[in-house]
Amino acid sequence: MPAPADLLTEDAHAQLLTGDEAAWHRFISEYEGRIYGYLYRLEGNSEDALDLTQEVFYRAWRSIRTFRPGERVLPWLYQVARNTQIESHRRKQHARFSLEEAHEDIGFEVTSEARSPVQAAESEQAQDRVQRALMRLAPEYREAVVLRFVEDLTYDEIARLQGVATGTAKSRVFRAKEQLAELLADVSDVH
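Residues numbered from 1 in each chain as written. Predicted model: local features only at pLDDT ≥ 70, side-chain atom pairs only at ≥ 80, totals over all residues. Heavy atoms only, no water.

## Some details on the nonpolar core
- Among the nonpolar cores identified, the biggest contains 44 residues, and F27, I35, Y38, L39, W76, L77 and Y78 are the most heavily contacted of them.
- Contributions of two or more residues to this core are made by helix 2 (21–43), helix 3 (46–63), helix 4 (73–92), helix 5 (117–136), helix 6 (139–150), helix 7 (155–162) and helix 8 (166–183).
- Discounting residues that sit within four places of it in the chain, L39 has contacts with G44, A49, L52, T53, V56, A81 and Q85. (Core = buried A, V, L, I, M, F, W, Y, C linked by side-chain atoms within 4.5 Å. Buried < 20%, exposed > 50% of the residue type's maximum accessible area, 1.4 Å probe, protein only. Helix = DSSP H or I, 4+ residues; strand = E, 2+ residues; numbered from the N terminus. Contact = heavy atoms within 4.5 Å.)

## Regarding the side chain of H13
- Tracing the backbone through its elements, the reader meets H13 in helix 1 (residues 10–17).
- Apart from residues lying up to four places away in sequence, H13 is in contact with L8, I64, R65, F67 and P69.

## Topic: the environment of L180
- Following the sequence through the fold, L180 ends up in helix 8.
- Sequence separation of L180 and L137 is 43 residues, and the distance between their C-alpha atoms is 7.9 Å.
- Residues in contact with L180, not counting those within four places in the same chain, are A133, L134, L137 and V145.

## Focus: the packing of helix 3 against helix 4
- Running from N to C, helix 3 and helix 4 cross one another at 120°; their axes reach a closest spacing of 9 Å. Considering the angle they form, helix 3 stands oblique to helix 4. When you trace helix 3 past helix 4, the crossing you get is right-handed. Between helix 3 and helix 4, the contacting residues are D48, L52, E55, V56, F57, R59, A60 and S63 on the first element and W76, L77, V80, A81, N83, T84, Q85, E87, S88, R91 and K92 on the second.
- Classifying every residue of the contact of helix 3 with helix 4 gives eight nonpolar, five polar and six charged. (Axes fitted to C-alpha atoms, helices over the stretch in contact; angles between N-to-C directions. Parallel < 35°, antiparallel > 145°, perpendicular 65-115°, else oblique. Left-handed = near helix turned anticlockwise from the far one by under 90°. Nonpolar A, V, L, I, M, F, W, Y, C, P; charged D, E, K, R; others polar.)

## Quick word on the environment of R132
- The topology assignment puts R132 in helix 5.
- Under the relative-accessibility criterion, R132 is labelled partly exposed at 26%.
- Considering only alpha carbons, one finds R132 and L184, 52 residues apart in sequence, at a separation of 9.7 Å.

## Here we look at the side chain of N45
- Among the structural elements, N45 can be located in the loop between helix 2 and helix 3.
- A polar contact of 3.0 Å, which involves the side chain of N45, links it to the backbone nitrogen of E47. (Polar contact = N/O pair within 3.5 Å; in protein donor to acceptor, adjacent residues only side chain to side chain.)

## Description of the pattern of salt bridges
- One pass over the structure, following the stated rule, counts eight salt bridges.
- A salt bridge links D6 to R72; the nearest nitrogen and oxygen atoms lie 2.8 Å apart. Here R72 lies in the loop between helix 3 and helix 4 and D6 lies in the segment before helix 1, a separation of 66 residues in the sequence.
- For D6, a relative accessible area of 5% translates into the label buried.
- One salt bridge connects E157 with R72, and the closest N-O pair in it is separated by 2.5 Å. One end of the pair, E157, is in helix 7; the other, R72, is in the loop between helix 3 and helix 4, and 85 residues separate them in sequence. (Salt bridge = Lys/Arg side-chain N within 4 Å of Asp/Glu carboxyl O.)

## A closer look at the confidence of the model for the chain
- Here the chain shows a mean pLDDT of 81. Residues at 70 or above account for 79%.
- Low pLDDT, under 50, characterises residues 94–115; the predicted model gives this stretch 49 contacts beyond four residues in sequence or across chains. (pLDDT = per-residue confidence, 0-100.)

## Thoughts on unusual backbone geometry
- Unlike most non-glycine residues, D152 shows phi in positive territory, near 60°.
- With respect to the element layout, D152 can be found in the loop between helix 6 and helix 7.
- Using a relative accessible area of 57% as the deciding quantity, one classes D152 as exposed.

## Re the packing of aromatic side chains
- For the structure on display, the rule yields seven aromatic pairs.
- Taken together, a centroid distance of 5.3 Å and an interplanar angle of 80° make the contact between W24 and F27 edge-to-face. Separated by three residues within a single helix, W24 and F27 lie in helix 2, roughly one turn from each other.
- Overall, W24 belongs to the buried group, its relative accessible area being 7%.
- Here F27 falls in the buried class, since its relative accessible area comes to 5%.
- Linked through ring pairs, W24, F27, Y31 and F57 together constitute an aromatic cluster. (Phe/Tyr/Trp six-rings, centres within 6.5 Å; stacked < 30°, edge-to-face > 60°.)

Listed below in C-alpha cells is the structure:
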C-alpha cells in the first residue's frame, strides 16, 4: 500500500519550523483548497469559510511545532480547522445558518467538463441542493459525512477529530447518509 500523499517529512517540517517563506507558501498552496472546502461545507457561506481558512493557516503557523513529522497533515489541519470554526461560533454566539445563506454553488465538485448549458445548470442546481441539505443536518452529522466522503478520512480519523468512539463516527456517517438521501430524493444527478 503506497504512503498517503499528505505525509510531512522531517525535512519539510524543519523548513516550516524555521519559518521558511517558500516552504509555507508550498504548504498553504497544497492544503488551502481542501481546508476551504471542508469549512465551506460546514459553514455554507464562502466569505466565512475564507476568513476561517486564513485563520486556520495562521494557527497552523503558530502551532507547527506540535505536529509530528512523518504523520498525515490533513487530519491535523482538519482538527485545527474544526477548533477554529467552533471558537468562531462561540465568539459570535452564532446560530446555525439558514438555508437562504447556503446559496453559493461551490458544493460537490463536478467531474465532467464536457457538459451542455442545460446539464451545467442542472448540475449547479444539484450542487446547491446538496449544500442546502448538508446545512439541514445536525453539525456533528454534517461534519462526519463531509470528512468521510468529501475529505476521504477514515472512520478512526473522524472519531479522533470529533472526540468520539469509532462506532459513533460510523453511526453519524450512516445517519447523515440516510438523512441526505431523504432530503435529496428528487435530485437525480447526486449519488
